[in-house]
Amino acid sequence: MTDLPADDHHRPHDLVGIGIGPFNLSLAALADGVHGGLAATFYEQRPAFHWHPGLLLDGATLQVPFLADLVTLVDPASPWSFLSYLRSRERLYPFYFAERFHIERAEYDAYCRWVSEQLPGLHFGHQVDAVRWNAERAFFEVDFTQLDHDGEIEALGRAYARNVVLGIGTEPYVPEPLKLLAEAPTVPVVHSADYLAHRERILDAEHITVVGSGQSGAEVFLDLLRARPTGAEKLHWLARTEAFTPMEYSKLGLEQFTPDYTRYFHSLSEEVRDELVPRQWQLHKGIDADTIAAIHDELYRRTLHGAWPDAVLAPGVLVRTAGRVGATRIELHLEHVQQADRFRLTTDAVVLATGYRERPLGQLLAGLDPHMRLDTSERPRIDDHYRLVLDPCVTGSVYVQNAERHTHGVGAPDLGLAAWRSATILNSLTGTEPYPLPRRTAFTSFGLDGRERHRKVPAPRGLVPLSEVR
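The residue count restarts for each chain, going from 1 along the sequence in the order it is written. Reporting of local features is limited, given that this is a predicted model, to residues whose pLDDT is at least 70; pairs of side-chain atoms are given and counted only at 80 or more, and all residues count toward the totals for whole chains, interfaces and linings. The side-chain figures draw on all heavy atoms in the structure; neither hydrogens nor water molecules are used.

*Asks:* For this particular structure, what's the right way to read the overall build of the chain?
*Replies:* Secondary structure elements are taken from DSSP: a helix is a run of H or I of four residues or more, a strand is a run of E of two residues or more, and numbering for both begins at the N terminus. Per the secondary structure count, the chain includes 13 helices and 18 strands. In terms of overall dimensions, the chain is globule-like: its C-alpha atoms have a radius of gyration of 24 Å, near the 23 Å expected for 470 residues. By its C-alpha atoms, the chain is 75 × 70 × 55 Å across when sized along the principal axes. Per-residue accessibility, obtained with a 1.4 Å probe over protein chains only, is compared with the maximum for each type, and a residue is labelled buried under 20%, exposed over 50%, and partly exposed between these values. The proportion of buried residues among the 470 residues of the chain is 49%. In this description, accessible areas are obtained by the Shrake-Rupley approach with a 1.4 Å probe, and a residue is regarded as covered only by the protein chains that are shown. Accessible surface, the chain as shown: approximately 23800 Å² in total, 52% of it carbon and sulfur. Positive charge is attributed to Lys and Arg, negative charge to Asp and Glu, and no charge count is given to His or to the chain ends. Lys charges are placed at NZ, Arg charges at CZ, Asp charges at CG and Glu charges at CD. Once the 47 positive and 63 negative side-chain charges of the chain are each reduced to a mean point, those two points are 4 Å apart. Only the C-alpha atoms count toward the radius of gyration. The rule for a globule is 2.2 Å times the residue count to the power 0.38.

Structure (structure tokens):
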């Protein structure tokens, strides 16, 4: 991937990327391997690459195998693979003997940072402010602000692009009843995304409450439990779900994170897609079975001398409202859904493992509002090549990464589909096929017309079209 010369900055790039998280970093790494070169540049407002730094707990692992790195599932021979990273660090043999299929999050973060520090065309400390279409010159104008290490403005700039890709990621979600408390500096109410930065302060609290039943909530609860003295843990773990439920991790269940399922989901009607996504929560909002086992083992160990740990695990509970008690204590007003009963819990610190939401695109893309096509819920329409559906007068393309769950399903934020989506975007952008993609990726046939989608692959025997049934 080559940047344009400094004296030629008015000439449009082939691609400008906004945001440098794992998904756009994957795109940049694969773009680097496009034959003939691609004039591409990527902007990120943070000073360096960091991936969920608040949750890089000791021993916490990815929930996908190491093969779900930035490039391997599309280009195993890429110099930007995880194995190439290990080779560059002379760690291939230790990794070989470690026999780890799931690597630690901290190692994945270090790998991505290694790639980000070597790839050309990545610009950190650059905040993109606006994107608009220049109809006269037939390219996108991308306005940005260059920031110093303290986040102060250094300079303003503008880049030009034939195509744009948005990879601005998600942002921590704080439930409405707890927003004011989370914003108050004197009250220890923090999102799990910032957990490590506040860990010591939270551990100093007499009583701690964790809210959220997913993987992050489980990992934070386990970390707190291990750090508290036996018999004086003083922990509550609250969850809206009816139980602390394991994540769906069966082999056929995981085929819902394949390109085959993504194509199938995109082919469904908007109404069906909207009904389907909430029902698939256990595919991505459950807890890893090993983490559940570790929590139970730690709780069981603390019963060795006959007493039970002072830890309350309460599923089926909603936080209705919250407020202060005195200067620093917090009162949570709770409701047990099944019992239809309400009660109060006073605590000294709260960790919100309440997930993430897609960052809104409205402000960034306000200049494209007249050209965007929306669905019935006022969300951007996105085609099967991950492009925003725009007026035909806009001859360039705006691609999105991890902003398309409503059109492409629960696999949108999954690292295992990162390389495939990046390759799909590059194939579409170049109009060629720098990265040939497999025609079939799952044993499951998602929909009775699956044979048409895989027409070059022998169809499963025994399926008879309904029109032929007598």
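There is more to say after this.
*Asks:* Teacher, can you tell me more about the packing of helix 8 (residues 259-267) against helix 9 (residues 270-279) here?
*Replies:* For any two helices packed against each other, one specifies the crossing angle of their axes together with the interaxial distance. All axes are obtained by fitting lines to C-alpha atoms, using only the stretch in contact for helices, and the reported angles, taken between N-to-C directions, cover 0 to 180 degrees. Relative orientation of the contacting elements helix 8 and helix 9 amounts to 135 degrees, with a least axis distance of 8 Å. One way to sum up the angle between helix 8 and helix 9 is to call them oblique. For the pair helix 8 and helix 9, the contacting residues are Tyr261, Phe265 and His266 in the first and Arg273, Leu276 and Val277 in the second. Looking at the contact of helix 8 with helix 9 residue by residue, the class counts come to four nonpolar, one polar and one charged. Angles are sorted into four bins: roughly parallel if under 35 degrees, roughly antiparallel if over 145, roughly perpendicular if 65 to 115, and oblique for all others. The contact criterion used is simple: two residues touch if any of their non-hydrogen atoms lie within 4.5 Å. In this classification, Asp, Glu, Lys and Arg are treated as charged, Ala, Val, Leu, Ile, Met, Phe, Trp, Tyr, Cys and Pro as nonpolar, and every other residue, Gly included, as polar.

*Asks:* Is there a simple way to explain the sheet that holds strand 18 (residues 397-400) in this structure?
*Replies:* Pairing between sheet strands relies on hydrogen bonds along the backbone, with the strands arranged either parallel or antiparallel. Overall, parallel pairing links the five strands, which are arranged 3-2-1-7-18 in an open sheet. Strand pairing shows two members of the sheet lacking a second neighbour, strand 3 (122-124) and strand 18, which therefore form its edges. Between one strand and the next, the sheet's axes are offset by a mean angle of 20 degrees, whatever the strand orientation. Pairing between strands is defined by DSSP: at least two bridges between the two strands are required. Where strand 1 (residues 15-18) and strand 7 (residues 163-166) come together, three bridges link them in parallel fashion. Each residue of the ladder has a partner; that of Val16, found in strand 7, is Val164.

*Asks:* Looking at this model, I keep getting lost on the pattern of salt bridges. Mind explaining?
*Replies:* We define a salt bridge as a side-chain nitrogen of Lys or Arg found within 4 Å of a carboxyl oxygen belonging to Asp or Glu. A complete count under the given rule lists 27 salt bridges for this structure. Measuring nitrogen to oxygen at the nearest pair gives 2.9 Å for the salt bridge that ties Glu141 to Arg132. Of the charged contacts, one joins Arg373 and Asp391 as a salt bridge, the two residues approaching to 2.2 Å between their closest N and O atoms. On the criterion of sequence distance, the pair formed by Arg373 in the loop between strand 17 (356-358) and strand 18 and Asp391 in the loop between strand 17 and strand 18 is long-range, its members being 18 residues apart. Taking the relative accessible area as the measure of exposure, Arg373 reaches 34% and is therefore partly exposed. In this structure, a network of salt bridges that share partners links the residues Arg132, Glu141, Asp143 and Arg158.

*Asks:* Please clarify how the side chain of Asp383 should be interpreted in this entry.
*Replies:* Assignment of secondary structure puts Asp383 in the loop between strand 17 and strand 18. Take Asp383: its relative accessible area is 17%, and that puts it in the buried class. Among the polar contacts listed, one links the side chain of Asp383 to the backbone nitrogen of His385, at a separation of 2.8 Å. When near neighbours in sequence (up to four residues on either side) are disregarded, Asp383 contacts His266, Val389 and His408. We call two N or O atoms a polar contact when they sit within 3.5 Å, provided that within protein one can donate a hydrogen and the other can accept it, with sequence-adjacent residues counted only if both atoms are side-chain atoms.

*Asks:* What's the story with the sheet that holds strand 5 (residues 139-147) in this structure? I'm lost.
*Replies:* The antiparallel open sheet is built from three strands, whose spatial order is 4-5-6. Edge positions in the sheet fall to strand 4 (126-134) and strand 6 (153-161), since each of these pairs with one other strand and no more. In this sheet, adjacent strand axes meet at a mean angle of 15 degrees when their direction is disregarded. Bridging between strand 4 and strand 5 involves eight bridges; their strand directions are antiparallel. Bridge pairing in strand 5 places Val128 opposite Phe144.

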